[in-house]
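# Working through the structure, step by step
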Amino acid sequence: MANKFRNLSSKLFHLARSSFNRTSVRPRMSFPGRGGFSVARPKLWGALGALSGAAGLLIYALETSVDASSDCVHPPHQHWNHSGLLAALDKESVRRGYFVYKEVCASCHSLQYMAYRNLVGVCMTESEAKAEAEAITVRDGPNDEGEYFERPGKLSDHFPSPYANEEAARSANNGSYPPDLSYIVSARKGGEDYVFALLTGYCDPPAGFALREGLYFNPYFSGGAIAMAQAVDNEVVTFEDANVAASAAQIAKDVCVFLKWTSEPESDERRLLLIKVTLMSAFLIGISYYIKRFKWSTLKSRKIFFIPELEAQAKKEAKEAAEALRKAKEQECNKCENKNEKQE
Ligand code: HEC
């Protein structure tokens, strides 16, 4: 009896194993769509792709046609030292640009978002910046007696504005407002290319161009007529460094680099951070890839076959075998009983 049972169970085991081993080809699995996104809709995705491509083309065409029909000349692209992902601002140029701003532009334009302390460590030492700040007078107060008083500037003071308010600025400039230059490079299309072209682009108006009194012709300014007179010319300033020629182009370039810095004072730090983050994440990604492969290797190299049809078949066969076993047992018992009865 026990022998029979062992035979049967080992037969069952072999049967099940052979049925699992029989085929190495997995049946095709299909995942019925459960709503939501499905990869099995190529037409929909194709249509969506074509639509967004067409929308992109339309926007591009509109942008270029509007650009082409604008009422000014496009500023040519200059090769700035600071353009490019790994380039820093030319700090000597920033320093010269500060002096150009102070000597030329500060008489009309404010730079209200910059303070003297911002210059420290960028284009000046602390004592130089202090000396610059002390050259201005600041209205401060009230003091202990409730009086307002004037004092020399401190590092924490912002650059002084040439006019008390916008109205005063407008009345001094024929009704036009000289904008604050702190963020002008970021605020204008073309950035420093535009400002450079604007400063160096003054010329005679073409025949038939009617200029109003107090306006000047500049092809880079929208409309061509600007209220700012030509501010940059050869030798309007003298540089500390005698080796740098004070040509109009040099002066305009330096003030543009300075204004680029005021627009994005953190640009150098940002680029430095980019280099650091790229290097560190390359290292960390490499290590985590290795660790992931290492930790998952046991799981990844394990084979698990799940073949529903074969499992069902094996179950069926096991059931049949169990049934056969039960019948065999029953017969044996019947025989025993018969024997017993006979003996009796
Ligand atoms: C005599 C006063 C005066 C001086 C000096 C001056 N500007 Fe201007 N600036 C103006 C006025 C006024 C406007 C407004 C022009 C307009 O809206 O028509 C202006 C406008 C500008 C604009 C904005 C143009 C735009 O697209 O709206 C920039 C940039 C600019 N100036 C840069 C400078 C720089 C840089 C300097 C120094 C090198 C300088 N300006 C010197 C009076 C001046």
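This one's a predicted model, so the numbers in the text were calculated from it and none came from an experiment.

Parameters and conventions
- Position numbers for residues start from 1 in each chain and track the written sequence from start to end.
- Where local features are concerned, this predicted model is filtered to residues with pLDDT of at least 70; where side-chain atom pairs are given and counted, the filter is 80 or more; whole-chain, interface and lining totals use all residues.
- Note on conventions: DSSP H or I runs of at least 4 residues are helices, E runs of at least 2 residues are strands, and numbering of each starts at the N terminus.
- To sort residues by exposure, count the other C-beta atoms lying within 10 Å of each residue's C-beta; 20 or more gives buried, 12 or fewer gives exposed, and values between give partly exposed, all with C-beta atoms placed from the backbone.
- Contact criterion: two residues are in contact if their C-beta atoms, reconstructed from the backbone, are within 7 Å.
- Axis definition: a line fit to C-alpha positions, over the contact stretch in the case of helices; interaxial angles, taken between N-to-C directions, run 0 to 180 degrees.
- Roughly parallel covers angles under 35 degrees, roughly antiparallel covers those over 145, roughly perpendicular covers 65 to 115, and oblique covers all other angles.
- Any residue outside Ala, Val, Leu, Ile, Met, Phe, Trp, Tyr, Cys, Pro, Asp, Glu, Lys and Arg is labelled polar, Gly included; the first ten of those are nonpolar and the last four are charged.
- The term nonpolar core refers to a group of buried residues, namely Ala, Val, Leu, Ile, Met, Phe, Trp, Tyr and Cys, whose C-beta atoms join them within 7 Å.
- By this rule, a helix spans an expected 1.5 Å times one less than how many residues it contains.
- Any residue whose C-beta atom, as placed from the backbone, lies within 6 Å of a molecule or strand is termed near it.
- UniProt positions are given in the numbering used here, feature names are shortened, and annotations may be inferred rather than shown by experiment.
- Bending is quantified residue by residue as the angle between axes fitted to the seven-residue window ending at that residue and the seven-residue window starting at it.
- Each residue carries a pLDDT score, the predictor's own confidence in it, on a scale running from 0 to 100.

## Section: the overall build of the protein chain
- Of the regular secondary structure elements, the protein chain holds ten helices and four strands.
- Written out in order from the N terminus, the α and β elements of the protein chain read α-α-α-α-β-β-α-α-α-β-β-α-α-α.
- Expressed as a percentage of the 344 residues in the protein chain, the buried residues total 17%.
- Counting contacts in the protein chain only where the partners sit at least 6 residues apart, residues at least 24 apart contribute 63% of the total.

## What to know about the packing of helix α3 (residues 91-103) against helix α8 (residues 248-263)
- One way to put it is that α3 packs onto α8 with a least axis distance of 7 Å and a crossing angle of 100°. As the angle between them shows, α3 and α8 are arranged roughly perpendicular. Contact residues: Ser93, Val94, Arg96, Gly97, Tyr98, Val100 and Tyr101 in α3; Ile251, Asp254, Val255, Val257, Phe258 and Trp261 in α8.
- For the contact of α3 with α8, the residue count by class is nine nonpolar, two polar and two charged.

## Some remarks on the nonpolar core
- Of all hydrophobic cores here, the largest spans 35 residues; its most connected members are Val195, Val255, Phe258 and Leu259.
- Of all elements in the fold, only α3, α4 (126-134), α6 (184-187), α7 (191-200) and α8 reach the threshold of two or more residues within this core.
- With eight residues, the top contributor of residues to this core is α8.
- When near neighbours in sequence (up to four residues on either side) are disregarded, Phe258 contacts Val94, Gly97, Tyr98 and Tyr101.

## Let's talk about α3
- Under the 1.5 Å per step criterion, the end-to-end length of α3 is 18 Å for 13 residues, consistent within 8% with the ideal 18 Å.
- Turning to α3, the residues buried within the fold contact α8.

## Quick word on the site of the ligand
- Of all residues adjacent to the ligand, which total 22 residues, the nearest are Cys105, Cys108, Pro178, Ala227 and Met228.
- Top element by residues in the shell around the ligand is α7. It accounts for three residues.
- Looking at the shell around the ligand residue by residue, the classes come out as 17 nonpolar, four polar and one charged.

## Re unusual backbone geometry
- The amide bond that connects Gly141 to the next residue, Pro142, takes the cis arrangement and shows omega of -5°.
- Located in the positive-phi region is Asn174, a residue other than glycine, with phi close to 65°.
- Note on placement: Asn174 falls in the loop between α5 (166-172) and α6.
- Despite not being glycine, Glu235 has its phi angle at roughly 60°, a positive value.
- Within the fold, Glu235 resides in the loop between β4 (225-226) and α8.

## What about the UniProt feature "binding site: heme c" (unreviewed entry) in the protein chain?
- UniProt feature "binding site: heme c" (unreviewed entry): in the numbering of this structure it lies at Cys105, Cys108, His109 and Met228. A compact arrangement is adopted by the annotated residues: their sequence extent is 124 residues, whereas the largest C-alpha distance between any two is 10.6 Å.
- Setting aside anything within four residues of it in sequence, one finds Cys108 in contact with Pro162, Asn173 and Pro178.
- With respect to the element layout, Met228 can be found in the loop between β4 and α8.

## Brief notes about helix α9 (residues 267-300)
- When the local axis directions of α9 are compared, the greatest deviation, roughly 30°, occurs at Phe294.
- Among the 34 residues of α9, zero are classified as buried, and the element is accordingly described as predominantly exposed.

## Looking at the confidence of the model for the protein chain
- The predicted model of the protein chain averages 88 in pLDDT, with 88% of residues at 70 or higher.
- The low-confidence segment residues 23-27, where pLDDT is below 50, has three contacts with residues more than four positions distant or belonging to other chains.

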